[in-house]
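# Descriptive structure summary
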Amino acid sequence: MKTVLVLFLFYYPLAMGVVWIIGSLIYFVKKERNQDFPNYRDEELPFVSLLIPAYNEEKTIEETINYASHLNYPHYEVIVINDGSKDRTLEILKSLLHMNPKLRVVNVVDNKGKANALKQGVLASKGELIATIDSDAILDKDSLRYIIPHFITPHNGERVGAVTGNPRIRNRTSLLSKIQLVEYSSIIGLIKRTQRIIGKVMTVSGVFVVFRKKALLDSGMWDTDLITDDIGVTWKLQRRFWDVRYEPRALCWMLVPETIKGICKQRLRWTQGGIEVILRHRDIFLDWRQRRLYPIYIEQVLSILWSVIWFISAIIFLYRAIFLQNNLIPIMWIGNYLSIICLLQFLVALFIESRYEKGILFYLVWGIWYPIIYWHINALLVIMALPKAIRILKENKTEYATWESPDRGLHL
């Protein structure tokens, strides 16, 4: 049993690293390498409602709206949902209304969470397609031009329920932000490409995604009691057999935390939300029609299991190293092998992403910190989030999962 656990600790991240690399390269060659700019006339493009939920975003909301109002897309509106902000967010929004004919404001008096804010935005929207972005996000001017064709291509787009964009890091002055830049390109980007080869994805990127309104209504929209709305709605759409896609050319620039406290708070929320969704949808194995979701579900369970085993092993490892003075060299060599695979994964991902951002390969030098720092932080956060997620499931609460403005970075 001990040997099996040790082998799992080593071979699981090694095997998944290889899977992500091969899967992303297949996606790149088959779907990404030779794509042209979509050539649709303006009159062929549907109306889009762009929703921006906001809570205490007085520092970022005006910039986001200014960029969102000047996209290279003919028919769209911008709806900002002020979710009970206690700062000057609503005041700023009112001042922008007379200057921006595309802008509409929905004011929710009490903070009831991002998912509820998005629901209110859908009810107020005019478009058959619903785009959502975070209130610190800056969309590339052509982002909608790349995403919308997924929904309207004849004989190919009818079952598309959502298409997620490619998040890019804006703030890059600190070590933590540079590590996250590599992570978003090398971990998140590769995984989404590979999952699209499988046919299902774990989650859309909440920072920028476009939904078909019909699909949202069919699946019940977002769960207001989940701490991560994006993961929850992705699974609801796919369980209703709507296709969820990834469009790497649709860039969206975002801010990330630049403090350890901010990182841990953000990742703890992501981890807890992911576990909540996995627990909530554990009945998929009772329905053979959901079989294409099985690999995504199993991989998530294995990643949680790996974190738990890692945590227990780390305690045993430290105890033996300190009190029994065991030889550490064999374990250190295993860590080196995994780090090499991790860096290879980064290299492949940054090479692919260099199509969209010149000079990004330079950031590979910061990737060395990821296995040293992030692996351990993420595994530890799973241990912290798991009991809370299980407790929430057992209590079966239906309260609103409220939110607060996250760490937007030191250099905003």
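Whatever comes next refers back to the structure up there.
Scope of this entry: the structure provided in the associated data block. If you're wondering where the values come from, they're calculated on a predicted model, not measured in any experiment.

## Some points on the packing of helix α2 (residues 61-68) against helix α3 (residues 89-97)
With their axes 10 Å apart at the nearest point, α2 and α3 run at an angle of 30° to one another. Between α2 and α3, the angle is such that the two are roughly parallel. Remark: the crossing between α2 and α3 carries right-handed chirality. Across from I61, E62 and I65 in α2, the residues of α3 making contact are I92, L93 and L96. In terms of residue class, the contact of α2 with α3 is made up of five nonpolar, no polar and one charged.

## A word on the sheet that holds strand β4 (residues 129-133)
Reading across from one edge, β3-β2-β1-β4-β7-β6-β8-β5 is the order of the eight strands in this open sheet, with mixed pairing throughout. Pairing within the sheet leaves two strands with one partner each, and these edge strands are β3 (103-108) and β5 (138-139). Here five bridges tie β4 to strand β7 (residues 208-212), and the two strands are oriented antiparallel to one another. When the sheet's bridge partners are listed, I130 is paired in β7 with F211. Here helix α7 (residues 175-198) sits on the sheet in contact with β6 (160-169) and β8 (243-254), set at roughly 160° to β8.

## A short note on the environment of L14
For L14, the location among the structural elements is in helix α1 (residues 2-32). Sequence-wise, L14 and I340 are 326 residues apart; in three dimensions their C-alpha atoms are separated by 9.6 Å. Setting aside chain neighbours within four positions, we find L14 in contact with L338 and I341.

## Observations regarding the environment of V80
Position of V80 among the secondary structure elements: in strand β2 (residues 76-83). Beyond its immediate chain neighbours, meaning those up to four positions away, V80 contacts I52, A54, I61, I65, L93, L103, R104, V105 and V106.

## Some thoughts on α7
Spacing of three or four residues puts side chains on the same side of an α-helix, whose turn is 3.6 residues. When the terminal C-alpha atoms of α7 are compared, their 34 Å separation across 24 residues agrees well with the 34 Å that a helix rising 1.5 Å per residue should span. A bend of about 35° at E183 is the largest found in α7. Most of α7 sits out of view: 19 of its 24 residues are buried.

## Regarding the packing of aromatic side chains
Taken as a whole and assessed by the stated rule, the structure comprises eleven aromatic pairs. Considering the side-chain rings of F10 and Y11, the 4.7 Å spacing of their centres and the 70° angle between planes classify their relative orientation as edge-to-face. The ring of W242 has R159 sitting right over it, with the charged end atom 4.1 Å from the ring centre.

## Structural notes on the pairing of β4
Among the five residues that make up β4, five are buried, leaving the element largely enclosed by the rest of the structure. Where strand β1 (residues 48-54) and β4 come together, four bridges link them in parallel fashion. Within β4, the residue paired with V48 across the bridge is L129.

## Some details on the nonpolar core
Counting 51 residues, the largest nonpolar core has V80, L144, I148, F208 and V210 as the members making the most contacts within it. For this core, the leading source of residues is α7, giving six residues. Other than its neighbours up to four places away in sequence, L144 contacts V48, L71, Y73, A131, P149, F208 and V210. In this structure, I81, A117, L118 and V233 belong to the second largest nonpolar core, which totals 22 residues.

## Concerning unusual backbone geometry
Phi is positive for M221, close to 60°, though the residue is something other than glycine. The topology assignment puts M221 in the loop between α8 (213-219) and α9 (229-239). For F241, which is not glycine, the phi torsion reads 70° and is therefore positive. For F241, the location among the structural elements is in the loop between α9 and β8.

## Examining helix α4 (residues 114-124)
Along α4, the positions that sit buried rather than exposed are K114, A115, N116, A117, L118, G121 and V122. Buried residues belonging to α4 abut β1, β2, β3, β4, α8 and α9.

## Thoughts on the pattern of salt bridges
Scanning the entire structure with this criterion turns up 23 salt bridges. Among the ionic pairs, E247 bridges to R249, the shortest N-O distance being 2.9 Å. Judged on exposure class, the residue E247 and its partner R249 are both buried. Ionic pairing is found between D287 and R289, a salt bridge with its closest N-O pair at 3.0 Å.

The rules behind each value
Residues numbered from 1 in each chain as written. Predicted model: local features only at pLDDT ≥ 70, side-chain atom pairs only at ≥ 80, totals over all residues. Heavy atoms only, no water. Axes fitted to C-alpha atoms, helices over the stretch in contact; angles between N-to-C directions. Helix = DSSP H or I, 4+ residues; strand = E, 2+ residues; numbered from the N terminus. Parallel < 35°, antiparallel > 145°, perpendicular 65-115°, else oblique. Left-handed = near helix turned anticlockwise from the far one by under 90°. Contact = heavy atoms within 4.5 Å. Nonpolar A, V, L, I, M, F, W, Y, C, P; charged D, E, K, R; others polar. Pairing = 2+ DSSP bridges. Expected span 1.5 Å × (residues − 1). Bend = angle between axes of the 7 residues up to and from the residue. Buried < 20%, exposed > 50% of the residue type's maximum accessible area, 1.4 Å probe, protein only. Phe/Tyr/Trp six-rings, centres within 6.5 Å; stacked < 30°, edge-to-face > 60°. Lys NZ or Arg CZ within 6 Å of the ring centre and 35° of its normal. Core = buried A, V, L, I, M, F, W, Y, C linked by side-chain atoms within 4.5 Å. Salt bridge = Lys/Arg side-chain N within 4 Å of Asp/Glu carboxyl O.

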